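# Close look at the chain arrangement
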Amino acid sequence: AEDSHPEEYLQDELRRQKEILMKVERERSIEIENLQARLLQLDEENSELRSCVPCLKANIERLEEEKRKLQDEIEDITYQLNEEQESKRKLADKLSHEQHQSQCNREATQELIEDLRKQLEQLQLFKLDAERRGRSNSSSLQEYNCKTREAELELEIRRLKQDNRALKEQNDELNGQIINLSIQG
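Report on the accompanying structure. Remember, predicted model here, so these are calculated numbers, not experimental data.

### A short note on the overall build of the chain
Scanning the chain from N- to C-terminus turns up two helices and zero strands. Relative to its length of 185 residues, the chain is extended, with a C-alpha radius of gyration of 57 Å against a globular reference of 16 Å. Projected onto its principal axes, the C-alpha coordinates of the chain cover approximately 190 × 35 × 10 Å. Here the chain has roughly 16,900 Å² of accessible surface; of this, 55% comes from carbon and sulfur atoms. Of the charged side chains in the chain, 31 are positive and 44 negative; the average position of the first set lies 13 Å away from that of the second.

And the structure:
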């Protein structure tokens, strides 16, 4: 059959080749259309992303600024906390010192009372001794009165010194409070 109609065969072959070529071209053009659509889509996405960049940069800057502010606040609070702790420590030291002073003053007062009690006993013994001997003459009595007055004056001097010390401590304490208030104010 091929030999009898070579022309027909050739025509068929050409037609078949043409159809194949058309099919390939159709597929190619569909593929190109798809690729162009995808390229367009990517371009749009790219534009969207580019338009987001300034906004994101602004957000980053804003967050950086907030972070800086928070770090500054933390530093301030830490400094204040350290100041408070230092102030507390100083107050504790002062209180400890005052308690020690108070204890020393109490002990000194006790010693003073004990000394005076002994002196009083001696004076009473001296008086009894003088009376026993019947030497209640004016010189003996004068001596007793003189010793008694001396003891009273000594007691008064010690009491005044004690008062003076206490007042000085109160004065120091008040000055300290005034200084603290002026610093805080």
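### Brief notes about the pattern of salt bridges
Per the counting criterion, the structure on display carries 14 salt bridges. When the shortest N-O distance is used, the salt bridge between aspartate 115 and arginine 158 registers 3.4 Å. Pair noted here: aspartate 115 is in helix 1 (residues 6-132) and arginine 158 is in helix 2 (residues 138-184), with a separation of 43 residues, a long-range link. For arginine 158, a relative accessible area of 27% corresponds to the partly exposed category. Where arginine 159 meets glutamate 156, a salt bridge forms, and the shortest distance between an N and an O atom there is 2.9 Å. With arginine 159 and glutamate 156 both in helix 2, this residue pair falls three residues apart, about one helical turn. Judged by its relative accessible area of 39%, arginine 159 falls in the partly exposed class.

### Quick look at a negative patch on the surface
Together, Asp43, Glu44, Glu45 and Glu48 line one region of the surface with negative charge. Mapped onto the elements, glutamate 45 comes out in helix 1. Overall, glutamate 45 belongs to the partly exposed group, its relative accessible area being 37%.

### What to know about the side chain of asparagine 105
Position of asparagine 105 among the secondary structure elements: in helix 1. Of the residues examined, asparagine 105 reaches a relative accessible area of 15% and is grouped as buried. With residues near it in sequence (within four places) discarded, asparagine 105 still touches Gln162, Arg165 and Glu169.

### Description of helix 1
The terminal C-alpha atoms of helix 1, which comprises 127 residues, lie 181 Å apart, in line with the 189 Å expected from a rise of 1.5 Å per residue. Every buried residue of helix 1 is accounted for by Asn105, Leu112, Leu116, Leu123 and Ala130. Remark: glycine 134 follows helix 1 within two positions and exhibits a positive phi of approximately 75°.

### Some thoughts on the side chain of glutamine 162
Along the chain, the position of glutamine 162 falls in helix 2. Here threonine 109 takes part through its side chain, which lies 2.9 Å from a polar atom of the side chain of glutamine 162. Here glutamine 162 is in contact with Asn105 and Thr109, once residues within four sequence places are set aside.

### Focus on the environment of glutamine 124
You can see glutamine 124 is positioned in helix 1. Expressed as a C-alpha distance, the spacing of glutamine 124 and tyrosine 144, which sit 20 residues apart in the sequence, is 9.2 Å.

Conventions used here
- Residues numbered from 1 in each chain as written.
- Predicted model: local features only at pLDDT ≥ 70, side-chain atom pairs only at ≥ 80, totals over all residues.
- Heavy atoms only, no water.
- Helix = DSSP H or I, 4+ residues; strand = E, 2+ residues; numbered from the N terminus.
- Rg over C-alpha atoms; globule rule 2.2 N^0.38 Å.
- Areas by Shrake-Rupley, 256 points an atom, 1.4 Å probe, with all protein chains shown as cover.
- Lys, Arg positive; Asp, Glu negative; His and termini not counted.
- Charge placed at Lys NZ, Arg CZ, Asp CG, Glu CD.
- Salt bridge = Lys/Arg side-chain N within 4 Å of Asp/Glu carboxyl O.
- Buried < 20%, exposed > 50% of the residue type's maximum accessible area, 1.4 Å probe, protein only.
- Patch = residues over 30% accessible without salt bridge, like charges linked within 9 Å, V, L, I, M, F, W, Y side chains within 5 Å.
- Contact = heavy atoms within 4.5 Å.
- Expected span 1.5 Å × (residues − 1).
- Polar contact = N/O pair within 3.5 Å; in protein donor to acceptor, adjacent residues only side chain to side chain.

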